[in-house]
Amino acid sequence: MFSLEGITSTIQDWLFFKFNPTLALAIECVIVILLAIALFAALGLILVLMERKVAARIQIRLGPNRVGPGGIFQTAADTLKLIMKEGLTPDKADKFLFNLAPFIVMMVAMLLLAPIAFAKNFQIWDINIGVLYISAISSLSVIGILMAGWASNNKYSLLGAMRSGAQIVSYELSAGFAVLTIVVLTGSLQISEIVAAQQNGWWIFKGHIPAIIAFVLYIIAVTAETNRAPFDLAEAESELTAGFHTEYSGMKFALFFLAEYINIFIVCAIGATLFLGGWMPLHIGNWQGFNHIMDFIPSSIWFMGKTFFLIFLIMWFRWTFPRLRVDQLLNLEWKYLLPISLFNLLLVAVIAILGWHF
Amino acid sequence: MFLKEYISDVYNGVSSLLKGMRKTGYYFTHPKEIITEQYPDNRATLVMAERFKGEVVMPHDQNNEHACTGCTACELACPNGTIKVVTKFDITPEGKKKKAVDALVYRLELCTMCNLCVIACPSDAIKMAPNFEHSVFDRSKLTKILNKTGSKIREGIE
Ligand code: SF4
Ligand code: SF4
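About the cut-offs
- Residues numbered from 1 in each chain as written.
- Chains lettered and ligands numbered in written order.
- Predicted model: local features only at pLDDT ≥ 70, side-chain atom pairs only at ≥ 80, totals over all residues.
- Heavy atoms only, no water.
- Helix = DSSP H or I, 4+ residues; strand = E, 2+ residues; numbered from the N terminus.
- Rg over C-alpha atoms; globule rule 2.2 N^0.38 Å.
- Buried < 20%, exposed > 50% of the residue type's maximum accessible area, 1.4 Å probe, protein only.
- Contact = heavy atoms within 4.5 Å.
- Areas by Shrake-Rupley, 256 points an atom, 1.4 Å probe, with all protein chains shown as cover.
- Lys, Arg positive; Asp, Glu negative; His and termini not counted.
- Charge placed at Lys NZ, Arg CZ, Asp CG, Glu CD.
- Buried area = accessible area lost by both parts, 1.4 Å probe.
- Salt bridge = Lys/Arg side-chain N within 4 Å of Asp/Glu carboxyl O.
- Polar contact = N/O pair within 3.5 Å; in protein donor to acceptor, adjacent residues only side chain to side chain.

(A) Structural detail: the overall build of chain B. Within chain B, the secondary structure is distributed over three helices and seven strands. When the helices and strands of chain B are read in sequence order from the N terminus, they spell out α-β-β-α-β-β-α-β-β-β. In terms of overall size, chain B is more extended than a compact globule, its C-alpha atoms giving a radius of gyration of 26 Å where 158 residues would be expected to give roughly 15 Å. Dimensions of chain B, computed from the C-alpha atoms along their principal axes, are close to 90 × 45 × 30 Å. Put simply, chain B has 158 residues, and 29% of those count as buried. When contacts within chain B are restricted to residue pairs at least 6 apart in sequence, those whose partners lie at least 24 apart make up 68%. Total accessible area on chain B stands at roughly 11,000 Å², and carbon and sulfur atoms take up 57% of it. When the 22 basic and 19 acidic side-chain charges of chain B are each reduced to a single mean position, those positions are 2 Å apart.

Here it is in structure tokens:
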């Protein structure tokens, strides 16, 4: 049966057989970097196209349909266009920070890739504080955004960046609490253990209503953290032209754009791992026959399927809901999401202590 | 009391959001709802809506007769001087002089498709046509004479 685990272990064995351990490790690093970049490029192309198609269908349109059959090469053509465009730097901008910002945003996205388990035993770095690492790194992206907004020397950019800062600082909390509920249930911060704990059922089923509430809170919070509509105040085309990346053009703009989609992928991947069992196939209790059939579908397909389902959900939000005002945004977080998630965490703690979950 | 309000707030918020998502979800799963017209690919089969206002025309019947009396009501109604009615005097069989339209000059480039002239016309001689392919290389081609050459007023219209 096809499995990524087999491929990686074969390559590793071969490398350690051919070269000395240090060199083999270095070669592995290079392979991982190349794979990550390839994944980013592929994800950028696929997700942008997917978003445009989903948006079109929801707005009763056809969407891109001229470049290639059904428009599938549209995003490749767009990327080509962006590569050929001139990358302007405004005259009064802080040149160094201005050029650095898109790379910082990208770098954060790349770092977040490390602890994600893409398939069974297919993970770059299985650290024992995986969830903590993710929450820590994901809040760094606001630095890149603030840097871009400040360095652009443009009032729209600065306003967008400030809004983004306020937003990420507040929504980080409820995202953290939602993640914590799963940590409480599992009793571990390690991604592989969290996935393994969902062997006999995903947390969203096993954790009763609190897990469902946590899932909803998580989805809302990460939609806000990735600056997507209805929380896209940082960009808000109608008020701030393009928010923090107003002054960016060409490839640097493309990096911001790509980072947005990569971030969506990553938060959805984490959501899938925590609540929907990651690469774990759909198992129901002790139904051996059913579980066996589900095991035949490769774990990477399970993971991607769940992740893309969540991505679709977030896209669905974007094209349905109107944008919030900044005071409504903060109201929602501090008056609703945060108290609910605190209460929910308490409930989960009780459930975990009394062992009421399956 | 406060708690009850709070919970009903959350409930109402969530349910109204779900209502919206149901609508968009319905559109997403029903491609037959798509309203995009792939013009000009479908030019041959394109159906324009009845209410579409593209141009003022004067319908003529098979005898090359129209219903315009030359009353100039349309010219007066037009807010931007698009229509100019040039009148002449016909001699009726009884030997009386009668006002008639000589040329109804219509300048498409000025028209805002506001429909006021059509409403003002007492004899329903003009109407809006759903034709939108108006581009020409020479601006003077946009100035049109709506009554056809040799046409005359239909019998019985005063
Ligand atoms: S539609 Fe309006 S603008 Fe055009 S000719 Fe009639 S009254 Fe004038
Ligand atoms: S088109 Fe109608 S309003 Fe205009 S001159 Fe003729 S009859 Fe009068």
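(B) How the structure looks around the environment of Val47(B). Residue and element names in this part refer to chain B. Topologically, valine 47 is positioned in the loop between helix H1 (2-29) and strand E1 (55-57). Exposure remark for valine 47: the relative accessible area of 65% places this residue in the exposed category. In this structure, the C-alpha to C-alpha distance between valine 47 and valine 14, residues 33 residues apart in sequence, is 41 Å.

(C) Molecular detail of the interface of chain A and chain B. Contact residues are listed per partner, giving 18 residues for chain A and 18 residues for chain B. The contact between chain A and chain B buries some 1,700 Å² in all, and 69% of this surface belongs to carbon and sulfur atoms. Taken together, the connections running from chain A to chain B amount to one salt bridge. Here Arg66(A) and Asp41(B) are joined by a salt bridge, their closest N and O atoms 3.3 Å apart. Counting across the interface, chain A meets chain B through eleven residue pairs in polar contact (both at pLDDT 80 or more). Those elements giving two or more residues to the side of chain A that touches chain B turn out to be helix H2 (21-58), helix H14 (299-318) and helix H15 (326-354) of chain A. No other element matches the four residues that H15(A) contributes to the side of chain A that touches chain B.

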